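Here is how the chains run, residue by residue.
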There are 2 protein chains.
Amino acid sequence: MSAISNDEEPWKLTAAEALPLLRNGTLKAVELAQSLLTRIHQRDENVKAWVWLSPSQILQQAQVLDDIPQAQRGPLHGLPVGVKDIILTKDMPTQYNSKLYRSDTPINADANCIITLRQAGALIFGKLTTTEFASSKQGNWHQNLTANPHDFERTPGGSSSGSGAAVGDFQIPVALGTQTGGSIIRPASFDGCYGFKPTWGCISREGIAQWGWSLDTCGLFSRSVEDLDAVLDVFQVLDDDPIPQQAFKIENAKIGFARTHNWSTAGPGTQKAIEKAKELLKCHGAVVEEVDLPDDFSNMLEWHNTVLNGEGRSSFLGQYRTDPKALHESIQGYVENIKNVSRKDQLEAYDNCARLRPVWDDIASKYDMVITPSVVDEAPKGLENTGDMASLLVAVGSSPC
Amino acid sequence: MSAISNDEEPWKLTAAEALPLLRNGTLKAVELAQSLLTRIHQRDENVKAWVWLSPSQILQQAQVLDDIPQAQRGPLHGLPVGVKDIILTKDMPTQYNSKLYRSDTPINADANCIITLRQAGALIFGKLTTTEFASSKQGNWHQNLTANPHDFERTPGGSSSGSGAAVGDFQIPVALGTQTGGSIIRPASFDGCYGFKPTWGCISREGIAQWGWSLDTCGLFSRSVEDLDAVLDVFQVLDDDPIPQQAFKIENAKIGFARTHNWSTAGPGTQKAIEKAKELLKCHGAVVEEVDLPDDFSNMLEWHNTVLNGEGRSSFLGQYRTDPKALHESIQGYVENIKNVSRKDQLEAYDNCARLRPVWDDIASKYDMVITPSVVDEAPKGLENTGDMASLLVAVGSSPC
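Computed from a prediction, not measured in an experiment: that's the story for all the values here.

Reading guide: rules and limits
- Residues numbered from 1 in each chain as written.
- Chains lettered and ligands numbered in written order.
- Predicted model: local features only at pLDDT ≥ 70, side-chain atom pairs only at ≥ 80, totals over all residues.
- Heavy atoms only, no water.
- Helix = DSSP H or I, 4+ residues; strand = E, 2+ residues; numbered from the N terminus.
- Rg over C-alpha atoms; globule rule 2.2 N^0.38 Å.
- Buried < 20%, exposed > 50% of the residue type's maximum accessible area, 1.4 Å probe, protein only.
- Contact = heavy atoms within 4.5 Å.
- Bend = angle between axes of the 7 residues up to and from the residue.
- Phe/Tyr/Trp six-rings, centres within 6.5 Å; stacked < 30°, edge-to-face > 60°.
- Lys NZ or Arg CZ within 6 Å of the ring centre and 35° of its normal.

A. Expanded view of the overall build of chain A. Secondary structure summary: chain A contains 13 helices and nine strands in total. In summary, chain A has a C-alpha radius of gyration of 21 Å against a globular reference of 21 Å for 401 residues, a match within 12%. Dimensions of chain A, computed from the C-alpha atoms along their principal axes, are close to 65 × 60 × 40 Å. Burial status across chain A gives 58% buried among its 401 residues. For chain A, contacts bridging at least 24 residues in sequence account for 78% of all contacts bridging at least 6.

What follows is the structure in C-alpha cells.
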C-alpha cells in the first residue's frame, strides 16, 4: 500500500509539493501519472488541451523512473511535464497544428530543453495544443479547439493554448510553452496559473519551431512560484547573485506600476485587477508608484510588429515552398511580405528597440519590482481568436534588439 | 549519348554554369553527380571533407530529378549541394562531430533551409565535416581531420571545414555552412572560394545546431558570385531594391578599406593581399579610402566573446547533462561558465554592440563597398586548430545586439 491514497488526489499537487514525495518514494511516479490521467479523462473532453497522450507509454516510463534507486534520482524525479506541440520529442509526434505535419511518426530527436528535463528525471507526459506554428489563431487545421478550463466558451489564450489550459485545469503541474509576442503571459493570465517568460536565450531553442528568431523564447507554466524555481534551477536560469543578501519583503518595497501607452485599450477586468493589486500592496506596506514611460515607448508594439514581419519572411519559407495553401493566410503573408517591411525598416526597428533597452533598464533599476498588465482584459468569448498581444513590456521583454 | 562527354569534366562547372544545362537537359543530374563522385573518389582520401556520402542514394535521387519534365523543374534543378554536418537532413545522419551523436540513423526531419533547397530542385549530396557542434577545433572525436585542398598540411579553416574544403577542391559546386564568429568567411578565404554570411535571420536556422542564438547564421560557399546569386534568390535574400538603377562599376566607385583595430595581428599574407586589392581597384579607377573606426570599435571582439560565452551556457546544457565528459573541455566550459560572464556583463555587451550598429551603418553608407580582412594571414600549418577568428567586421556583421 502506498502512503498516498486515491482520496488524496495527487493531481492536485504542485510540482514543489510532489517533488519531495516522489524523491523519497512516498508518492510513486506511476501513482501521480495515473491520478493525472484520471483527471485528464474527466476533464479533457471539454478542455481539449492534449493532442498526443499515450497512457501506456506514460505508465511505462513512470515505472522506469520508480525503479531508479533514491540516491540516483534527479532534481525533477517523476515530475510530469506537458510539452507545447512545436517542441520536438523523440517518442511523440510533433505536429505544429499544421496540415503539413499530420504524421503520427515522431521526429526522432528531443529538443535541447527536453533532453535537459529528461536528464533531471522529468516524465515527459504528452503534447499540448498550439496555434499553427505558434502563430496565427486556434482551429485552423486538425488540432483541438482548446477551451478555457474556467469557462468553456472562452479562449484559453495562445499560442501556448494547451499548456495554459492543462496547467490551469490541474491536468499537469508544469508545462513548457513558448512566447514570441505574449504567448506565455496571456494564456497564463487567462487560465489562472503562473507563466514565466525568461530573458532571451536562457533556455535553448534548439529543436523548437522558429517564428521570430530574435523574439522566440521557451518558458514555463505552473501553479506555484516554487515550481518555477525548481524547474529554472535545472535550466541554470539564475540571477548573477543567486543568494540574495536578504529575503524580499513587501513592506517598504518600492513597486512600480507601468500602465504603458496601451492603457487606453485596457478593459474593466484589467483596470480592476491593477487597482486591486495596488491596494493590496499598499495595505502590506509597499511603496507604490506610477512609472511614466518616455514617449518613445509608445512605438514599441509597432517596432515589435515590424521585426516579427521581417523575421517571418524566412521562418516559414520551407513550408511555403512545400505547399503555400497548406498554411494559414497570415503565415503565407509573412513569406510574401504583404506588409512590405523593408530590410531598412527592420534594421531601424532593431536599432530603436535596442536604444530603449538601457533606458528601460535604468527606469527598472529604481524599483524592487515593476508590474504591468499581462492582457487587455479577461479571456474573451470564442475559441478561435486567442486574444490580443497586449502590454508594452511584453514587447520590451521579448525583444533583445 | 549526352551532349556533355566525360572529357568535359562536369565537376569543374560552377552552379551558374551547370544550372541552365541541367534545366534544358543538356547535362543530366546523374552525369553531374557521377562526375563529382569521381572527383571526390580521386581527392577525398587526402582532403577528407565528407563524413556521409552514399553514391547509390545520390544517383537514385539524381535519376528522380532527371525524370522531372523540363517545364516543372525548379530554379536549382539538379544542383548538388553539400551540407555542414550540424544541419538536419532527413535521409542522412547528423553527427555534429560529437561522441554523443555517433548513430548512423538519420534524424527524420529536414532543417528548414534543406526543405527550401529540395523544393527548388537541389540534390542534397552529402554531409561535410564540422568542428564539434561548430565550436571548438577539428579532430576532437570521430570525424575526419579535414585538410586544406591546396596544401594537405594546412588547415582548411573552420568550423565549416568540410564545406570550404569541398567547394575549394571542386568536389561540390555549392555547400551550406554556418558562422558564429568567422566560420564561413575564414574557411572560404583559406580554401580559395567565395563565402557568404548573410545578415541575421535571412536564412532560417530551424533544424541547425545552436551555439550563440544571437550570432549563429546559415550561409553559403561557392566558386562564383553568380552561384551565390542563384541560391540566395531561392532563399529570398534580396536587397530592398532588388533591381538597382544602374549596374555597379568599379570606375569612380568609392571603396573603403577598414583595417580594423586588429590590424596589428595581420600577417604578411593578409597585408600583401590588402595592398594588392587597393592597387588593383585604383588601377581600375576606383576611389580608395582608409576607413578610420572610432575607438569604441576596438572592444568589438571582447564583446562578441562575452555574448558568445553567455549564450553558450544554455546551448550545450542538454548534452552536458547527458555526459559532460563526452564534450570538448571548451564546450564544458561554456555550460560551467568558467569565464564567469554575468548576466549584467552579457547585457552590457549586447547594449554596446547595439549602440555601435547605427554608427557603423552611418560609416558604411559613405561608401559603395567596404573591404576588411577576412583572416589574419594565410592558412596556418596543422589541421586541428582551424585558425583565429579575425576581423572586427566579422564581429560587427554577426552581432545583431
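B. Inspection of helix α2 (residues 29-47) of chain B at higher detail. Residue and element names in this part refer to chain B. The largest bend in α2 comes to about 40°, at His 41. Ala 29, Val 30, Glu 31, Leu 32, Ala 33, Ser 35, Leu 36, Leu 37, Arg 39, Ile 40, Asp 44 and Val 47 are the residues of α2 that are buried. Its buried side turned inward, α2 meets α1 (15-24), β1 (50-53), α3 (55-66), β2 (80-84), β3 (123-128) and α5 (161-168). Of the residues one or two after α2, Lys 48 is the one with positive phi, at around 55°.

C. Layout of the packing of aromatic side chains. Using the criterion set out here, one finds 20 aromatic pairs over all chains in the structure. Their ring planes at 55° and their centres at 6.0 Å tell us that B:Trp50 and B:Phe125 sit as a pair that is tilted. Of this pair, B:Trp50 sits in strand β1 while B:Phe125 sits in strand β3, placing them 75 residues apart in sequence. For the pair B:Trp50 and B:Phe125, a shared accessibility class is recorded, and that class is buried. Measuring from centroid to centroid gives 5.5 Å for B:Tyr96 and B:Phe133, while their planes differ by 35°, and the two rings are tilted. Taken together, the residues B:Tyr96 in the loop between β2 and α4 (112-119) and B:Phe133 in the loop between β3 and α5 connect sequence positions 37 residues apart. Residues B:Tyr96 and B:Phe133 agree in their burial class; the two are buried. Here the guanidinium or amino end of A:Lys254 rests over the ring plane of A:Tyr367, the centre of that ring lying 5.3 Å away.

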